Each structure stands twice: as C-alpha cells, then as structure tokens.
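Each chain, written out:
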Amino acid sequence: MKKKFRLQDVILLAIVAIVFGAIFIGTDYLYNFLAVAIGPFSNEALFGLWIMAGPLSIYLVRVPGAAIIGEVLGAAAEVIFGGTFGASALISGIVQGIGSELGFTLWGYKNWGWPVLTTSAVTTTVVSFGYELFRLGYVHYHLPMILALFSVRLISVFFFGAVCVRAIFKMLSRSQVLRQVQ
C-alpha cells in the first residue's frame, strides 16, 4: 500500500469522479421514477450505485483517504452536472465516503480481497443508514419496516460496492490499465 497520492492517482480519481458523477445523474432520474412506484425502497435499491465511487477509488489507488475523496468528488461532479439532489449530495458523499473508508481502515489497508470489500459494504451501510435514519425520517417507521429498508440497502451496497467494484477492478487489471496495482 502506498502512503501518499501520486499524480496518476489524482488523475484516476478525477476520472472516476466524472464517470460516477454522470452515473449518479442517471440514477437520480431513475430514483424519481421509482420513488413513485416503490416509495422509500427506491432509495435503498439504488443506494449501492451511489456509493461505488468510494470503494472503487480506494481499490484502484490504494492510498488511505481515497474512498472519501473519490466519493466526495463523485458527489461534486453530480452537483456540477445538475443533479436533482443539489448540494445535499456533497454531505451524503462525505458520509458515504467515511463509511466506505472505515471498512478499509478496519483491515489496516492490508487486505484487498473479499473480506475488506464485504466489511466496507457493511460499514458503508451502517454509517449511511444511521445518518439517513433521521434525515429521511425512517426513525418514524415501525421496526420491521426499518429492518426491511436496511436489508435492501445492505444487499444493494454489497452488490454494487463489493461485487461490481471487484469485477470492474478485475476487468481493468486484465486490460493492463492498472499495471502499478498489485
């Protein structure tokens, strides 16, 4: 693991941010459509897409802090591109980045396999759900509904933040784009 960012790391984080800012914009509009159909479960089902910039960033550059930076830059790109959530996306980006980073921190930035990705998915889910429990008013729901929302979020975050991040990393590795990452 590297201790500091190199120029190519900064460029890669910027590219990840721009790509995910565009993805976040697309899912914003999908969210608005789904919110009518399935209510609060739309947020939870799509949540994994909204956190991918963090774990992918740290998984690619392997520098402490990269998950937070990647997620915040992705949120900033979403805001700049005119996302429907406006500047509140930046606060969410900070919370989501901290949640993702925490999973890698717990492993001491030494494990880059399924255990760390799974831990990151769990910590991202717990931290972000704890924040949104009050922000989105979930605290007013009955416990079974809260548990159902949490479960859907955890599944979404695990799928997008662990399974898809690992798949993207493997594809990039096979293409030899990431020769510097072991």
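Residues numbered from 1 in each chain as written. Predicted model: local features only at pLDDT ≥ 70, side-chain atom pairs only at ≥ 80, totals over all residues. Heavy atoms only, no water.

**With respect to a nonpolar patch on the surface**
Move 1: Nonpolar side chains collect at one region of the surface, where Leu 7, Val 10, Ile 11, Ile 15, Val 19 and Ile 23 lie side by side and expose about 520 Å² of accessible area between them.
Move 2: Among the structural elements, Leu 7 can be located in helix α1 (residues 7–38). (Patch = residues over 30% accessible without salt bridge, like charges linked within 9 Å, V, L, I, M, F, W, Y side chains within 5 Å. Areas by Shrake-Rupley, 256 points an atom, 1.4 Å probe, with all protein chains shown as cover. Salt bridge = Lys/Arg side-chain N within 4 Å of Asp/Glu carboxyl O. Helix = DSSP H or I, 4+ residues; strand = E, 2+ residues; numbered from the N terminus.)

**Considering unusual backbone geometry**
Move 1: Despite not being glycine, Arg 62 shows a phi value in the positive range, around 55 degrees.
Move 2: Summarising the element assignment, Arg 62 is placed in the loop between α3 (53–61) and α4 (66–80).
Move 3: Arg 62 sits in the buried class, given a relative accessible area of 9%.
Move 4: In this model, Tyr 109 sits at a positive phi of 55 degrees, which is unusual for a non-glycine residue.
Move 5: With respect to the helices, strands and loops of the structure, Tyr 109 is situated in the loop between α5 (88–106) and α6 (114–135). (Buried < 20%, exposed > 50% of the residue type's maximum accessible area, 1.4 Å probe, protein only.)

**Details of the layout of surface pockets**
Move 1: Here the largest pocket is characterised by a volume of approximately 240 Å³.
Move 2: Lining the largest pocket are 18 residues, and of these Trp 50, Phe 85, Ser 92, Gln 96 and Arg 135 sit closest to its centre.
Move 3: The set of elements that each furnish at least two residues to the lining of the largest pocket consists of α1, α2 (41–50), α4, α5 and α6.
Move 4: The dominant element in the lining of the largest pocket, judged by the number of residues it contributes, is α5, at five residues.
Move 5: Taken together, the residues of the lining of the largest pocket sort by class into eight nonpolar, five polar and five charged. (1 Å grid on protein atoms, 1.4 Å probe; cavity = no way out; pocket = protein on both sides within 12 Å on 5 of 7 lines; lining within 4 Å. Points joined across faces, edges and corners; volume = space filled by probe spheres on them. Nonpolar A, V, L, I, M, F, W, Y, C, P; charged D, E, K, R; others polar.)

**Re the side chain of Thr 123**
Move 1: In this structure, Thr 123 sits in helix α6.
Move 2: The buried category is assigned to Thr 123, whose relative accessible area is 10%.
Move 3: A distance of 2.6 Å separates the side chain of Thr 123 from the backbone oxygen of Gly 99, its partner in a polar contact. (Polar contact = N/O pair within 3.5 Å; in protein donor to acceptor, adjacent residues only side chain to side chain.)

**Thoughts on α1**
Move 1: Counted at 1.5 Å a residue, the expected span for α1 with its 32 residues is 46 Å, and the 44 Å between its end C-alpha atoms agrees.
Move 2: For α1, every residue scored as buried is listed here: Asp 9, Leu 12, Leu 13, Val 16, Ala 17, Phe 20, Gly 21, Phe 24, Ile 25, Thr 27, Asp 28 and Tyr 31.
Move 3: Looking at the packing, one finds that the buried side of α1 touches α2, α3 and α4. (Expected span 1.5 Å × (residues − 1). Contact = heavy atoms within 4.5 Å.)

**Remarks on the packing of α1 against α2**
Move 1: Contact geometry for α1 and α2: axes closest at 8 Å, N-to-C directions at 160 degrees. Classified by the angle between their axes, α1 and α2 sit roughly antiparallel to one another. Classified by chirality, the crossing of α2 by α1 is right-handed. Across the interface between the two elements, Phe 24, Thr 27, Asp 28, Leu 30, Tyr 31, Leu 34, Ala 35 and Ile 38 of α1 pack against Phe 41, Ser 42, Asn 43, Leu 46, Leu 49 and Trp 50 of α2.
Move 2: Residues belonging to the contact of α1 with α2 are distributed by class as follows: ten nonpolar, three polar and one charged. (Axes fitted to C-alpha atoms, helices over the stretch in contact; angles between N-to-C directions. Parallel < 35°, antiparallel > 145°, perpendicular 65-115°, else oblique. Left-handed = near helix turned anticlockwise from the far one by under 90°.)

**Section: the packing of aromatic side chains**
Move 1: Evaluation of the coordinates by the stated rule reveals twelve aromatic pairs.
Move 2: Consider the rings of Phe 104 and Trp 112, whose centres lie 5.6 Å apart with planes at 35 degrees: the pair is tilted. As far as the burial class goes, Phe 104 and Trp 112 line up, both buried.
Move 3: These aromatic residues form a ring-pair network of at least three members: Tyr 31, Phe 47, Trp 50 and Phe 85. (Phe/Tyr/Trp six-rings, centres within 6.5 Å; stacked < 30°, edge-to-face > 60°.)

**Observations concerning the nonpolar core**
Move 1: Grouped together as the largest cluster of nonpolar side chains are 33 residues, with contacts concentrated most on Phe 20, Met 52, Ile 58, Tyr 59, Phe 104 and Leu 117.
Move 2: Listed by contribution, the elements that provide at least two residues to this core are α1, α2, α3, α4, α6 and α7 (143–174).
Move 3: With near-sequence residues (within four places) excluded, Phe 20 lies in contact with Met 52, Ala 53 and Leu 56.
Move 4: In this structure, Leu 133, Tyr 138, Ile 146 and Leu 149 belong to the second largest nonpolar core, which totals five residues. (Core = buried A, V, L, I, M, F, W, Y, C linked by side-chain atoms within 4.5 Å.)

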